[in-house]
Each structure stands twice: as structure tokens, then as C-alpha cells.
Amino acid sequence: MLRFLTAGESHGPTLTAILEGFPAGVPISAEAVNRDLARRQRGFGSGGRMKIERDRVRITSGIIGGRTTGAPIALHVDNDDWPNWEGRQVTPVTRPRPGHADLTGGIKYGYEDLRWALERASARETTMRVAVGALCKCLLAEFGIRVGGYVVALGPVEARVDHLDYPTRWELAEQNDVRCPDHEAAAAMEEAIRAVIRDQDTLGGIFEVVATGVPPGLGSHVHWDRKLEARIAQAIMSIPAIKGVEIGPAFRNARRRGSEVHDPFEWRDGRIVRPTNNAGGFEGGVTTGEPIVVRAAMKPISTILKGMPSVNLATGQPERTIYERSDFTAVPRAAVVGEAMLAFVLADALLEKLGGDSLAELKARYALLLEEQARWLREGVSDHPYTWQVGLE
Ligand code: EPS
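For the structure given in this document, a descriptive report is provided here. Computed from a predicted structure; not experimentally measured. Here, residues in each chain are numbered from 1, in the same order as that chain's written sequence. The predicted origin of the model limits local features to residues at a pLDDT of at least 70 and limits the giving and counting of side-chain atom pairs to 80 or more, whereas totals for whole chains, interfaces and linings rest on all residues. Hydrogens and waters are ignored; side-chain quantities use all the structure's heavy atoms.

### Things to note about the overall build of the protein
Elements are defined by DSSP. Helices are runs of H or I of four residues or more, strands are runs of E of two residues or more, and each kind is numbered from the N terminus. Secondary structure assignment for the protein yields 12 helices and 17 strands. The globule rule used for comparison is 2.2 Å times the number of residues to the exponent 0.38, while the radius of gyration itself is calculated over C-alpha atoms. The C-alpha radius of gyration of the protein comes to 23 Å, within 12% of the 21 Å expected for a compact globule of 393 residues. If one aligns the C-alpha atoms of the protein with their principal axes, the spans along those axes are about 75 × 50 × 50 Å. Accessible area is worked out with a 1.4 Å probe on protein chains only. A residue is then buried under 20% of its type maximum, exposed over 50%, and partly exposed in between. Per-residue burial for the protein yields a buried fraction of 49% across its 393 residues.

Structure below.
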């Protein structure tokens, strides 16, 4: 239904995205996009680059008079660092950084200069994902769906957030520079970042992205490639440096008994509710109507100031990596990218469920969907016996 493509190098002139399949009539403000772009830029542990860039979106097609037209939407963010690179003689990168795309990218494309791998593998590309995600959030908001994210672990420091509802977590997270709702843990996270800056090292961590207000019934239990939690995992895993994804507390659940894990059903006012959400918003790859909770593990940044053992591919000699300006941690900023990817997949799933080309059409169909779901719960399930027969005679 919905697809997007990004283009642009980290130190080139401009980053671009084209979002296609977006319905007509959705009100969009550049401010909503710029707000998320600014959020993605803010986070303790960033290197010098974020002092140079002031990301602001330029929209050149698909939106007229503040509303989408249904045509492809072209988005651009200029790299303010470009004048520092244009026409400059740049020393080739010949010593690949362990953990980075330098070597694998070079092998794949046969680069003489590994820089071409880093230019595109750079997390600078995630700027455009956040711009695309901001548009998807505008669409989801029309249906009462909200998406937010926060950090729950940075290096060895873990936050306590279970006692807070999601809107409170989102709000508290924006109040500090590590995007963590637990302010005591946030102070310890900042200290842990200061320690790696001192030691010329880097840190990873875990962020959580959550969507509330998602209707039940999105996704599929019948096709492996349409299971929505699988599609979310793919999207989150595609964020640079993400090496693990879980839906709800999946790894914790794996260590418990079934009766302690599965969310019991209750009947309340003609609706099925679950007092707990250990399933993270999914049963059988289909949304349950409970908040969708996605947790992502980010490895420590692979550009390490003190260097790592490597090989100079120009000489075959063992040498340590040289330092390219980079970040000490990017977990607080990656949470915003996670929100964008979740928003994109959910917008896609909603469009798939509803069909339709305009917001008005989608809204009418959404009302019908909710009505039909309520009818099915009231009268759709029968306890009459039937004869099991596969196929038709
Ligand atoms: C990155 C290295 C740094 C980061 C960059 C990702 O850039 P530079 O090499 O210019 O210092 O700041 O991230 C961004 C520019 C961004 O906008 O997030 C890398 O190698 O992945």
C-alpha cells in the first residue's frame, strides 16, 4: 500500500525521500515534521555533527494547501555540513571499522575507498525516515492512534517505567537528554555516557516504541509475510545498529510459565479486554487492540575514538582504525527513528485494512469496521455443531 525510498549521502548536499501510496486529504504541517526532526537531533552522547545540522524539511510535491493530494510526496532535508565537504580532497578510508558497514559494503560494491560505504550506511539517512514517519503519524492521529518512544536501558543502566502509563512515559522522556522517563536512571545514564566519552568508547542500549489506540484486527494470522509483528520487526531491525527486536517483554516471557504470561480475557461493556498486555499488542500476528509495544536493542556505535584492531586494506598490514568524527551513543535519538518506522508500518496496515484513496473514504470505512467488529462480538459466534469437511463436494 504505502512505500518509501530514501536517497542521499551523509556528507552530500541533500537527503531525499519519496513517500508513495499516501491517501489524499490528510492535513500535514511542516511544523509536525520539523518537530520530530528536531527530536531526532537531540540526545546526550552525540558528536560534533549535530552542532552543525539544523534539520528542516522542504516538501516539493504531493501536498498542496496543507493537505495531501494522493500524489507521491517528495521530502528533502539539506545537509548544512555540505559546504565543508564540497570540492575537498578527502583521504580514503582503508582501515575498516569492526562492526560498521565499511568492510561488507566495500566487498559488496568493490569500492576503492571505503568511504562510499559509510556515506550511505550512516545513520544520517534516518533523518528521512523520521520525516516520512511524521507524515504517517499525522494520518494515524486522524484515527486516534498515537506513537511514542523512550529509552529503557543505556549500557548497564536500566530504567523503571512499568508503573507509568504510556503518555506519561512519553512526556517524561522528553524532559531529559537521554529520552528516559525514569529521571533517576536518566542521571545514571548521563554519567555512563560521560564515562565512555572519557574512555574514548561507545555505548548501546534498549529503547521502547509504543502505539496506542490501534484497532484490533490489523495484520494476518494466515500468511507469514503479512503477520504484522513480523513486518514491524523487519522495519525496526532495518534501523542502523539495531541487532534485536522483541514484541512486549518477549525474552522475559520465554523464561516464565504459560499461565503467568498469557493475558486473560475479560468481557466488559460488550468488548473483550485484557487486564495485562504481555503479548505486546499481538496475538497470531494480528493486533489485539491493546498498546503495541516494541523493544529494540541497539549495539554500541562502531566508530570508537580509541580505535579497534583492523587491517589496512591498502597495505595488508595490521593497523588500528583511525577516528572519524562520530557519536558516543545514539540510543536516545534512535528511539525517534523507531517511532517513525512503527508509524510507517501501522499506517500501511491501516490502509491495507480500510482501502480507499482519501481521508474521508478511510474515515467512513473505519466507522463501518468498528461497527462490524462490535456486531460480530455480539452475534457472530455460534455454538451449533457442524460437520468437518475440507473442500466442497
Ligand atoms: C554517523 C556519523 C556521524 C553522525 C551521523 C552518523 O556523522 P559525522 O561523520 O558527519 O560526524 O553524526 O549521524 C548524523 C549525521 C545524523 O544526522 O544522525 C555514522 O557514521 O553513522
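### Re helix H12 (residues 359-379)
If you check H12, its first and last C-alpha atoms are 30 Å apart, about what 21 residues at 1.5 Å a residue would give, namely 30 Å. Inspection of H12 places Leu359, Leu362, Tyr366 and Leu369 among the buried residues, and these make up the whole buried set. Viewed end-on, H12 has its buried residues packed into an arc of 65 degrees, placing them on one side of the element. Residues of H12 that are exposed and point over 90 degrees away from its buried face: Ala360, Leu368, Glu371, Arg378 and Glu379. Among the structural elements, helix H5 (126-141) and helix H11 (331-354) are those in contact with the buried residues of H12. To estimate how far a helix should reach, multiply one less than its number of residues by 1.5 Å. This arc is taken over the directions from the axis of the helix to the C-beta atoms. Note on definitions: a residue-residue contact is assigned when non-hydrogen atoms from the two residues lie within 4.5 Å.

### With respect to the nonpolar core
Phe22 and Ile236 are the most contacted members of the largest nonpolar core, which has 91 residues in total. Per-element tally for this core: the top contributor is H11, with 17 residues. Ignoring sequence-local partners within four residues, the contact set of Phe22 consists of Leu2, Ile28, Thr68, Gly70, Ile73, Leu135, Cys136 and Leu139. Here the nonpolar core consists of buried residues drawn from Ala, Val, Leu, Ile, Met, Phe, Trp, Tyr and Cys, with membership extended through side-chain atoms lying within 4.5 Å.

### Considering the side chain of Asn278
Here Asn278 lies in the loop between strand E12 (271-273) and strand E13 (282-283). Of the residues examined, Asn278 reaches a relative accessible area of 15% and is grouped as buried. Distance and chemistry together define a polar contact, namely a pair of N or O atoms within 3.5 Å, with one atom able to donate a hydrogen and the other to accept it when in protein, and with adjacent residues in sequence counting only for side-chain atoms on both sides. Among the polar contacts listed, one links the side chain of Asn278 to the backbone oxygen of Val261, at a separation of 2.9 Å.

### Topic: the environment of Trp82
Structurally, the position occupied by Trp82 is in the loop between strand E6 (73-78) and helix H3 (102-109). Along the primary structure Trp82 and Val294 are separated by 212 residues, whereas in three dimensions their C-alpha atoms are 35 Å apart. In this structure Trp82 touches His11, Gly12 and Pro13, once residues within four positions along its chain are discounted.

### Things to note about the sheet that holds strand E3 (residues 57-61)
The antiparallel open sheet is built from four strands, whose spatial order is E1-E2-E6-E3. Each having just a single partner strand, strand E1 (3-7) and E3 make up the two edges of the open sheet. When the angles between neighbouring strand axes are averaged without regard to direction, this sheet yields 20 degrees. By definition, two strands form a pair when at least two bridges between them are found by DSSP. Two elements, E1 and strand E2 (residues 14-20), share five bridges in a ladder whose sense is antiparallel. By the bridge assignment for E2, Arg3 is matched with Glu20. Across the face of the sheet, H5 comes into contact with E1, E2 and E6 while running at roughly 140 degrees to E6. Orientation is described by axes fitted as lines to C-alpha atoms, over the contacting stretch for helices, and by angles from 0 to 180 degrees between their N-to-C directions.

### Notes on the site of the ligand
His11, Arg40, Arg49, Met50, His100, Ser122, Ala123, Arg124, Arg325, Ser326, Asp327 and Arg333 make up every residue found near the ligand. Contact distances for the ligand include 2.6 Å between an oxygen atom and a side-chain N or O atom of Arg325. Protein contact buries 93% of the 460 Å² of open area that the ligand shows by itself. Of the residues belonging to the shell around the ligand, the class tally is two nonpolar, four polar and six charged. Here a residue is considered near a molecule or strand provided that any single heavy atom belonging to it is located within 4 Å of it. To measure how exposed things are, a 1.4 Å probe is used in the Shrake-Rupley method; for residues, cover is taken only from the protein chains shown. Classification used: nonpolar for Ala, Val, Leu, Ile, Met, Phe, Trp, Tyr, Cys and Pro, charged for Asp, Glu, Lys and Arg, polar for all others including Gly.

### Considerations on the environment of Ala297
Along the chain, Ala297 turns up in strand E15 (residues 292-298). Note on Ala297: relative accessible area 31%, which makes it partly exposed. Here the alpha-carbon distance between Ala297 and Glu119, two residues 178 residues apart in the chain, equals 23 Å. When neighbours within four sequence positions are excluded, Ala297 is seen to be in contact with Gly205, Ile206, Ala241, Ile242, Lys243 and Gly244.

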